[in-house]
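# Chain and residue survey
The chain contents come next:
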Amino acid sequence: MGKALLEVEDLRVSVEEKEILKGIDLSIGSGEVHAIMGPNGGGKSTLCNTIMGNPVYRVDGGKILLDGEDIIGMKVNERARKGIFLSFQYPEEIDGITLENFLRTALNTVTGKNQSILGFKKLLKEKMELLEMKEEYAERYLNVGFSGGEKKKAEILQMAVLNPKLVMLDEIDSGLDIDALRVVAESINKVRTEDMSILIVTHHNSVLDYLQPDRVHVLMDGRIVKEGDSGLASELEETGYETIREEELR
């Protein structure tokens, strides 16, 4: 394992007085891919949203360290400037704002620098060519009329433009057919850099066939109950989560 980029220590989180995360420990090295799997309601999305700083989720204890710095007191935009990115499970449609304008504003905000229009157009064109996206998408309103696969690809384009240190993909494979899943997974691999770390939340082993995680973590009932290499994902697909639940009850 390389130098730890993200370290989560004994993280406890609640929503509306209900405890969701009950002491999470997680360490992700620079350039590593980690997968979080587990049944619905276990706390997977809560973990990602808490790392991103969503104020709906209240941190009751523990630490979230990015490059050794505790970020719990930081707002969402401050965390984004530090290099954290979260893709949406269900990306919003925003009428009246083009994809290009949205991405340029996001880059300006994250870097703290105003990108020239021509310079940004050049960058955007390079990234869209890399992802084999038609240039016309840049002029369309954000996600309006996009298919599920196109929405997810627009999220990956945002990831490519912002070039974050830590990418969290919350069920990026949700609602995609086999062909769209392959395209999205291949797109993620295209924009990955050597020192970019990825945390992917998924129910399915198929997306992990493309992303090849270094570690797989099973999150159930607010706790990480099992960890392993990529083979654990295949095991879960065959046995489900009941076997792990039974082991926990023994």
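Residues numbered from 1 in each chain as written. Predicted model: local features only at pLDDT ≥ 70, side-chain atom pairs only at ≥ 80, totals over all residues. Heavy atoms only, no water.

With their axes 10 Å apart at the nearest point, helix α4 (residues 117-130) and helix α5 (residues 148-162) run at an angle of 125° to one another. Looking at the two axes, α4 sits oblique to α5. The crossing of α4 and α5 is right-handed. Where α4 abuts α5, its residues F120, L123, L124, K127 and M128 lie against L157, A160 and V161. (Axes fitted to C-alpha atoms, helices over the stretch in contact; angles between N-to-C directions. Helix = DSSP H or I, 4+ residues; strand = E, 2+ residues; numbered from the N terminus. Parallel < 35°, antiparallel > 145°, perpendicular 65-115°, else oblique. Left-handed = near helix turned anticlockwise from the far one by under 90°. Contact = heavy atoms within 4.5 Å.)

It is worth spelling out the pattern of salt bridges at this point. Applying the stated criterion across every chain yields a total of eleven salt bridges. The salt bridge partner of D60 is R58, with a shortest N-O separation of 2.7 Å. Judged by its relative accessible area of 39%, R58 falls in the partly exposed class. In this structure, the salt-bridge partner of K121 is E100, at a minimum N-O distance of 2.9 Å. On the criterion of sequence distance, the pair formed by K121 in helix α4 and E100 in helix α3 (residues 99-111) is long-range, its members being 21 residues apart. (Salt bridge = Lys/Arg side-chain N within 4 Å of Asp/Glu carboxyl O. Buried < 20%, exposed > 50% of the residue type's maximum accessible area, 1.4 Å probe, protein only.)

The six strands are arranged β6-β9-β10-β3-β11-β12 in an open sheet whose pairing can be described as mixed. The open sheet has two edge strands with one neighbour each: β6 (84-87) and β12 (223-228). If you compare each strand with its neighbour and ignore which way they point, the axes differ by 20° on average. Pairing of strand β3 (residues 33-37) with strand β10 (residues 197-201) involves four bridges; the strand directions are parallel. When the bridges of β10 are listed, I36 appears paired with V201. Taken strand by strand, α5 contacts β6 and β9 (166-170), and its axis lies near 170° from that of β6. (Pairing = 2+ DSSP bridges.)

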